[in-house]
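# Residue-level structural notes
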Protein chains: 2
Amino acid sequence: MEHPPFAVTVDLVVLTVRAGRLTVLLVERGEAPYAGALALPGGFVRPDEDLLAAARRELREETGVGDGVHLEQLATYGAPDRDPRMRTVSVAWLALAPDLPEPTAGTDAAAARFVAVDDLDLAALAFDHARILADGLERARAKLEYSPLATAFCDEEFTVAQLRAVYEAVWGHPLDPRNFHRKVTRTPGFLTETELTSTADGGRPARLYRRGTLEVLSPPLTRGDT
Amino acid sequence: MEHPPFAVTVDLVVLTVRAGRLTVLLVERGEAPYAGALALPGGFVRPDEDLLAAARRELREETGVGDGVHLEQLATYGAPDRDPRMRTVSVAWLALAPDLPEPTAGTDAAAARFVAVDDLDLAALAFDHARILADGLERARAKLEYSPLATAFCDEEFTVAQLRAVYEAVWGHPLDPRNFHRKVTRTPGFLTETELTSTADGGRPARLYRRGTLEVLSPPLTRGDT
DNA sequence: ACCCATCTCGTCAAGATGACGACAACCCGG
DNA sequence: CCGGGTTGTCGTCATCTTGACGAGATGGGT
């Protein structure tokens with residue numbers, strides 16, 4: 001029984017919503033292969049490091065933010081030819097974050113930036129990262145339906161309209177404000193009402209909420225409502 | 001940039017329904033560590049083998065059946081101490097199969113057998129396989145809600161009652177035959193009606209169906225209906 | 001003051017759900 | 001051959017949810 005050596009990496013699909021658009025964190029590769037191309041941030045797992053710990057470390061290195069960001073395993077990619085240099089298996093992770101400051105912190109990937117997914121030419125991504133990103137987007141879209149995960153894109157306190165903007169950005173189409181409001185506020189455990197506050201986005205001040213304790217929405221929100 | 005060597009394995013959670021009970025394929029370990037304990041079937045990924053190909057190869061080695069069985073990636077487990085012999089990363093796969101013949105085909109894991117999950121002492125499983133199995137079960141239970149995947153447990157042609165038995169076995173509680181029948185037959189694309197046939201399970205013959213083309217159920221079946 | 005934008009609640013028809021009655025179609029034993 | 005047991009299929013009905021949309025509430029700007 002042989003156990004041939006593999007290199008194991010983590011790759012991150014870091015999504016956030018900026019200015020109403022779903023964006024993903026990408027780095028510009030400085031070295032071959034795919035020098036100059038855009039790629040997902042990531043790196044090698046260290047010899048005594050847990051996979052989740054490696055993902056969180058890379059996340060912190062790239063964004064400066066570590067805890068408080070939702071992070072879940074996405075899938076693992078290990079086609080024999082996915083990296084021309086060596087046999088590599090990559091464990092991909094999906095991170096959902098509130099609007100983050102533009103990454104600048106001096107790291108190995110200084111050229112990290114957020115790109116709106118609509119503006120992105122998937123085919124231009126390095127390695128098999130187009131596939132990984134597509135899987136991450138689909139996972140995010142699906143999870144908004146049956147989990148309260150959209151709150152991971154919001155700050156600690158947020159309005160129903162801000163939450164709705166997340167859904168609209170991720171799903172790519174508008175939702176009815178009144179029906180959305182009814183759905184999220186009348187689903188027990190989805191939101192916790194902040195008695196006091198409210199803020200102004202132009203019109204009548206809105207009540208602020210925090211995420212509730214609910215983990216699974218049933219019945220789910222439907223991606224198709226108008 | 002170092003890339004320390006890891007051993008990469010695949011582990012399989014093979015589920016099937018026998019005699020109305022959800023069962024999982026387990027092997028009895030012959031060697032240390034965990035000699036004599038039950039474990040999920042699995043093995044090392046070969047140097048030039050795709051991960052999916054490795055999973056399907058192991059599936060065939062253990063069950064004698066390869067194609068036609070639903071196989072999807074579950075998650076990847078890579079805690080540094082999960083295998084005391086070496087640093088191992090395991091990509092787990094979930095397989096859903098119709099009732100299979102008892103595995104006997106001479107392989108390295110001659111002691112493979114199906115065990116009803118209710119009868120199983122999770123803590124007795126080797127390595128972190130209890131966790132993997134739990135994740136696989138939860139995945140299977142969840143997927144039955146929003147996908148027509150229950151058909152993967154059935155033969156090519158099956159009755160509504162057989163399909164319902166799958167749901168009842170996986171979810172662990174009975175469903176109303178009439179409401180279930182309405183739901184699955186009136187959801188376009190879920191089932192394809194076989195004009196001709198029918199069979200006998202004791203009472204009135206039932207129409208036979210094949211799986212339809214539908215991939216996602218919306219609205220989903222709810223795990224909680226009586 | 002007035003207008004305007006946004007938030008929040010209400011109404012209403014259409015459809016889905018859960019509970020359950022009723023009949024249909026087959027097997028079996030007498 | 002006939003009636004009971006068993007299982008499959010359809011129908012009904014109250015209730016809940018959904019999608020569409022009206023309308024008042026509550027702030028800022030001019």
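Remember, predicted model here, so these are calculated numbers, not experimental data. (Residues numbered from 1 in each chain as written. Chains lettered and ligands numbered in written order. Predicted model: local features only at pLDDT ≥ 70, side-chain atom pairs only at ≥ 80, totals over all residues. Heavy atoms only, no water.)

## What to know about the overall build of chain A
A count of helical and extended segments in chain A gives four helices and ten strands. The secondary structure elements of chain A, listed N-terminal to C-terminal, are β-β-β-β-α-β-β-β-α-β-α-α-β-β. The C-alpha radius of gyration computed for chain A amounts to 19 Å, which stays within 12% of the reference 17 Å derived for 226 residues, consistent with globular compactness. Taken along its principal axes, the extent of the C-alpha atoms in chain A is 60 × 40 × 30 Å. A burial count over chain A gives 51% of its 226 residues as buried. In chain A, the share of contacts with a sequence separation of at least 24, taken over all contacts with a separation of at least 6, comes to 65%. As displayed, chain A offers around 10,600 Å² of accessible surface, 50% of which is attributable to carbon and sulfur atoms. (Helix = DSSP H or I, 4+ residues; strand = E, 2+ residues; numbered from the N terminus. Rg over C-alpha atoms; globule rule 2.2 N^0.38 Å. Buried < 20%, exposed > 50% of the residue type's maximum accessible area, 1.4 Å probe, protein only. Contact = heavy atoms within 4.5 Å. Areas by Shrake-Rupley, 256 points an atom, 1.4 Å probe, with all protein chains shown as cover.)

## Quick notes on the pairing of strand β7 (residues 112-116) of chain B
All names here are of chain B. With four of five residues buried, β7 lies mostly within the body of the structure. Across five bridges, the pairing between strand β2 (residues 21-28) and β7 is antiparallel. Bridging across to β7, T23 finds its partner in A116. (Pairing = 2+ DSSP bridges.)

## Here's the deal with the packing of helix α3 (residues 160-171) of chain A against helix α4 (residues 177-186) of chain A
Residues and elements named next belong to chain A. One way to put it is that α3 packs onto α4 with a least axis distance of 10 Å and a crossing angle of 105°. Comparing the axis directions of α3 and α4 gives the class roughly perpendicular. Seen from α3, the contacting residues are V160, L163, R164 and Y167; seen from α4, they are P177, F180, H181, V184 and T185. Of the residues assigned to the contact of α3 with α4, the class counts are six nonpolar, two polar and one charged. (Axes fitted to C-alpha atoms, helices over the stretch in contact; angles between N-to-C directions. Parallel < 35°, antiparallel > 145°, perpendicular 65-115°, else oblique. Nonpolar A, V, L, I, M, F, W, Y, C, P; charged D, E, K, R; others polar.)

## Remarks on the relation of the copies chain B and chain A
It takes a turn of 180° to lay chain B on chain A, together with a shift of 0.0 Å along the axis; the resulting RMSD is 0.1 Å. The transformation relating the two chain copies, once decomposed into turn and shift, fits a two-fold axis. (Least-squares fit on C-alpha atoms with pLDDT ≥ 70 in both.)

## Details of the packing of aromatic side chains
Any two aromatic rings considered together are summarised by their centre-to-centre distance and by the angle between their planes. Summed over all chains, the structure comprises seven aromatic pairs over all chains. Ring centres of A:Y146 and B:Y146 lie 6.0 Å apart, and the angle between their planes is 20°; this geometry places the pair in the stacked category. A residue pair is termed interchain when its members come from two chains, as with A:Y146 in helix α2 (residues 129-146) and B:Y146 in helix α2 (residues 129-146). With 5.1 Å between their ring centres and 75° between their planes, B:Y167 and B:W171 make a pair best called edge-to-face. Placement of both B:Y167 and B:W171 in helix α3 (residues 160-171) is noted, with a separation of four residues, approximately one turn of the helix. Classification of B:W171 by relative accessible area gives buried; the value is 9%. Members of the aromatic cluster, each reached through a chain of ring pairs, are A:Y167, A:W171 and A:F180. (Phe/Tyr/Trp six-rings, centres within 6.5 Å; stacked < 30°, edge-to-face > 60°.)

## Re the domain arrangement of chain A
Residues and elements named next belong to chain A. Each domain of chain A was delimited in the assignment, giving domain 1 (7-144) and domain 2 (147-211). Just the C-alpha atoms count here: the centres of domain 1 and domain 2 sit 27 Å apart. Contacts between the two partners involve 16 residues from domain 1 and, on the opposite side, twelve residues from domain 2. Of the roughly 1,300 Å² buried between domain 1 and domain 2, counting both surfaces, carbon and sulfur atoms make up 71%. It is α2 that contributes the most residues to the side of domain 1 that touches domain 2, four residues altogether. (Domains from an automatic or database assignment. Buried area = accessible area lost by both parts, 1.4 Å probe.)

## What about the nonpolar core?
Residues A:W93 and B:W93 are the most contacted members of the largest nonpolar core, which totals 52 residues. With near-sequence residues (within four places) excluded, B:W93 lies in contact with B:V10, B:D11, B:L12, B:V13, B:L51, B:L52, B:A55, B:L71, B:E72, B:Q73 and B:L74. (Core = buried A, V, L, I, M, F, W, Y, C linked by side-chain atoms within 4.5 Å.)

## Focus: unusual backbone geometry
Across the junction of A:A32 and A:P33, the peptide omega takes the value -5°, indicating a cis bond. On the secondary structure map, A:P33 appears in the loop between β2 (21-28) and β3 (38-39). Of note, the phi angle at B:A19 is positive, near 55°, even though the residue is not glycine. Structurally, B:A19 is set in the loop between β1 (7-18) and β2. Backbone geometry places B:F127, a non-glycine residue, at a positive phi of 50°.

## Examining the environment of B:D128
All names here are of chain B. Looking at the secondary structure, you find D128 in the loop between β7 and α2. For D128, a relative accessible area of 18% puts it in the buried group. Expressed as a C-alpha distance, the spacing of D128 and L40, which sit 88 residues apart in the sequence, is 9.8 Å. In contact with D128, not counting residues within four places along its chain, are Y77 and R82.

## Quick word on the interface of chain B and chain A
Facing 29 residues of chain B, the contacting portion of chain A comprises 29 residues. Surface buried jointly by chain B and chain A totals about 2,300 Å² across both partners, of which 66% is contributed by carbon and sulfur atoms. Seen at the junction of chain B and chain A, the total is zero salt bridges. The interface formed by chain B and chain A includes ten residue pairs in polar contact (both at pLDDT 80 or more). Breaking the side of chain B that touches chain A down by element, the ones donating at least two residues are β1, β5 (70-77) and β6 (88-96) of chain B. Looking at which element gives the most residues to the side of chain B that touches chain A, the answer is β5(B), with four residues. Along the lines of polarity and charge, the residues of the side of chain B that touches chain A split into 18 nonpolar, four polar and seven charged. (Salt bridge = Lys/Arg side-chain N within 4 Å of Asp/Glu carboxyl O. Polar contact = N/O pair within 3.5 Å; in protein donor to acceptor, adjacent residues only side chain to side chain.)

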